[in-house]
Amino acid sequence: MRPTHVRSRGRRARTMLAGVFTLAVALFTAAAVYAGLTAQATGTEQVSSGTLNLTVGADAPSVGFSNFTGLMAPGDVDNVAVNLNNTGSLASAAGMTLWVAGSPVNALTNGSAAGEGLDVTITQCSVAWSAGGTCSGTATSILAQTAVSSMNSAGTAVALSNVPALAASTGQVAHLQVSLTLVGTEASTNGVSPSPTIQGLTTTLTYTFTEQQRAPVTTNQ
Amino acid sequence: MAGGTARTRRRAAVGSLAALLVLAVPLSAAGSTVVKGAAAGTEDVTGAAWGVSSSPTSFTWDLIGGSQTATVANDGTVALTQISYTVMVSAGLGLTTFSLAVCSVAWSGGLCSGGAGTAIGGTYGINSVTTVASSVVPPVGGHVYLKATASGITVTSITMTLSLAVTGSNTPASTQLRSAVTTNQ
């Protein structure tokens, strides 16, 4: 004969098992009743997202950004004309930015030779730039002469001004003249240039123009 | 028992915080998303170099005057319009003046194509330092030729030392390079 406390534990277990079984049966029944009462209604809505695309290409007859084969001396200017085209389906907001990275990084672009290096100036023309670098329409300053060393990273990108053609609707083209000039005063003595120097250096400049989408729109229809 | 309860509370708190973060991150991201479009173009650029050197850079006279020559080379990659010469004549004794002349071809028999060449500055006295400029310049990769002359008698050994400099600048008045060029391409 088992002790009293063992018999009591057995009774409790049987009672709990019976309770769980009863609850399961009840839930199954309720679910069946609920499923029988479900109703559905559907509606469809088509949504398309816009695109924000910006392209940069040569503004003929200019060759656009390319390899400038000349050797730049202080004061020299290299002008190229490029088209900045909003080819997406979304308009852009005002506030386009530009940064110019040099690779390799050297005194032409990083400011290591104080007050020296490459400077960029950008002017927009209402029509395409001529082969001689003149604007027969209306010229507007987009970027005053700015040292590359002050905008050589995404974090130091500078804001471009007066870009209405790109801030408006899609498909707009901005005709930009990008002027690159070398700034500096250096004396070489007995054939030796100072250190650091802007002389004899080569770099590849990458101009990155960035636009932002127009302000978000709330539509009630 | 109390320790177990504390652990349970801590776990619950951590779980709640994690749940909040999971919910908050997408909401925050959705709220700050701004679509940007970017376009980039590249351009290769090389800077010119400028400089000249003389070989030799010094001339010494002992007792007797006379002429000595040197060759000046354009070591740079850009055309020059001018070279600055700093002429240093050492201290010493003598009844002598010194002069410097340049020729675009090598001196022959003391003459520059049969002539006297182009004077660089005037005359230089003993124990003096003078800076002068000359517009007779070597082409890129080329040479011009100097002749240093001591006229008179030196009692002690006297040396003339030259320092040649070329300044490039975007300020037109300061540059000794060719005029700035604007290229439209």
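In this numbering scheme, every chain counts its residues from 1 along its sequence in written order. Both sets of labels track the order of writing: A upward for chains, 1 upward for ligands. Totals for whole chains, interfaces and linings use all residues, but because this is a predicted model, local features are given only for residues with pLDDT of at least 70 and pairs of side-chain atoms are given and counted only at 80 or more.

**Observations concerning the overall build of chain A**
Moving on, step 1. In this description a helix means any DSSP run of H or I spanning at least four residues, a strand means any run of E spanning at least two, and both kinds are numbered starting from the N terminus. A tally of helices and strands in chain A yields two helices and 10 strands.
Moving on, step 2. Across chain A, helices and strands are ordered from the amino to the carboxyl terminus as α-β-β-β-β-β-β-β-α-β-β-β.
Moving on, step 3. Once C-beta atoms are placed from the backbone, each residue is buried if 20 or more other C-beta atoms lie within 10 Å of its own, exposed if 12 or fewer, and partly exposed for counts between those two. Within chain A, the proportion of its 221 residues that are buried is 30%.

**Looking at the interface of chain A and chain B**
Moving on, step 1. We call two residues in contact whenever the C-beta atoms placed from their backbones are within 7 Å. With 61 residues of chain A at the interface, the matching set in chain B holds 44 residues.
Moving on, step 2. The set of elements that each furnish at least two residues to the side of chain A that touches chain B consists of strand S1 (54-58), strand S2 (67-72), strand S3 (77-86), strand S8 (173-183), strand S9 (185-189) and strand S10 (202-212) of chain A.
Moving on, step 3. For the side of chain A that touches chain B, the element with the highest residue contribution is S10(A), accounting for 11 residues.
Moving on, step 4. Under the scheme applied, nonpolar residues are Ala, Val, Leu, Ile, Met, Phe, Trp, Tyr, Cys and Pro; charged residues are Asp, Glu, Lys and Arg; polar residues are all the others, including Gly. Split into classes, the residues belonging to the side of chain A that touches chain B amount to 27 nonpolar, 30 polar and four charged.
Moving on, step 5. Here a strand pair is declared whenever DSSP counts at least two bridges between the two strands. By the bridge criterion, 11 bridges tie S10(A) to strand S1 (residues 36-47) of chain B in an arrangement that is antiparallel. Paired with Phe209(A) across the bridge in S1(B) is Ala39(B).

**Quick notes on the pairing of S10(A)**
Residue and element names in this part refer to chain A.
Moving on, step 1. Covered by surrounding structure in S10 are Thr203, Leu205, Tyr207, Phe209 and Glu211 only, the residues Thr202, Thr204, Thr206, Thr208, Thr210 and Gln212 on the alternate face being uncovered.
Moving on, step 2. One ladder, built from seven bridges, connects strand S4 (residues 97-103) with S10; its direction is antiparallel. If you follow Leu98 over to S10, its bridge partner there is Phe209.

**Digging into the sheet that holds S4(A)**
By definition, the strands of a sheet pair up through backbone hydrogen bonds, in either a parallel or an antiparallel sense.
Moving on, step 1. Ordered in space as S2(A)-S1(B)-S10(A)-S4(A)-S7(A), the five strands form an open sheet in which the pairing is mixed. Two strands lie at the open edges of the sheet, namely S2 and strand S7 (158-159) of chain A, each paired on one side alone.
Moving on, step 2. Here S2(A) runs beside S1(B); their pairing, made up of three bridges, is parallel. Its bridge partner being in S1(B), Met72(A) is matched across the sheet by Gly47(B).

**A word on the sheet that holds strand S6 (residues 94-103) of chain B**
All names here are of chain B.
Moving on, step 1. Across the sheet, which stays open at both edges, the five strands sit in the order S2-S4-S9-S6-S7 with antiparallel pairing between neighbours. A strand with exactly one partner marks an edge of an open sheet, and here the two such strands are strand S2 (52-55) and strand S7 (118-124). The sheet shows a mean angle of 20° between the axes of neighbouring strands, direction not considered.
Moving on, step 2. Pairing between S2 and strand S4 (residues 64-74): four bridges, direction antiparallel. Its bridge partner being in S4, Ser54 is matched across the sheet by Val72. Angles run from 0 to 180 degrees between N-to-C directions of axes, and those axes are lines fitted to C-alpha atoms, restricted for helices to the stretch in contact.

**Details of unusual backbone geometry**
Moving on, step 1. For the bond from Ala60(A) to Pro61(A), the omega torsion is 10°, close enough to zero to count as cis.
Moving on, step 2. Position of Pro61(A) relative to the elements: it lies in the loop between S1 and S2.
Moving on, step 3. For the peptide bond that leads from Ser195(A) to Pro196(A), omega is 0°, which places it in the cis range.
Moving on, step 4. In this structure, Leu63(B) takes a positive phi of about 70° despite not being glycine.
Moving on, step 5. Topologically, Leu63(B) is positioned in the loop between strand S3 (58-61) and S4.
Moving on, step 6. By C-beta crowding, Leu63(B) is classed as exposed, having 11 other C-beta atoms within 10 Å.
Moving on, step 7. Positioned with a positive phi, Asn127(B) is a non-glycine residue whose angle comes to about 60°.
Moving on, step 8. Tracing the backbone through its elements, the reader meets Asn127(B) in the loop between S7 and strand S8 (128-134).
Moving on, step 9. Asn127(B) gets classed as exposed once you count the C-beta atoms within 10 Å, which come to 11.

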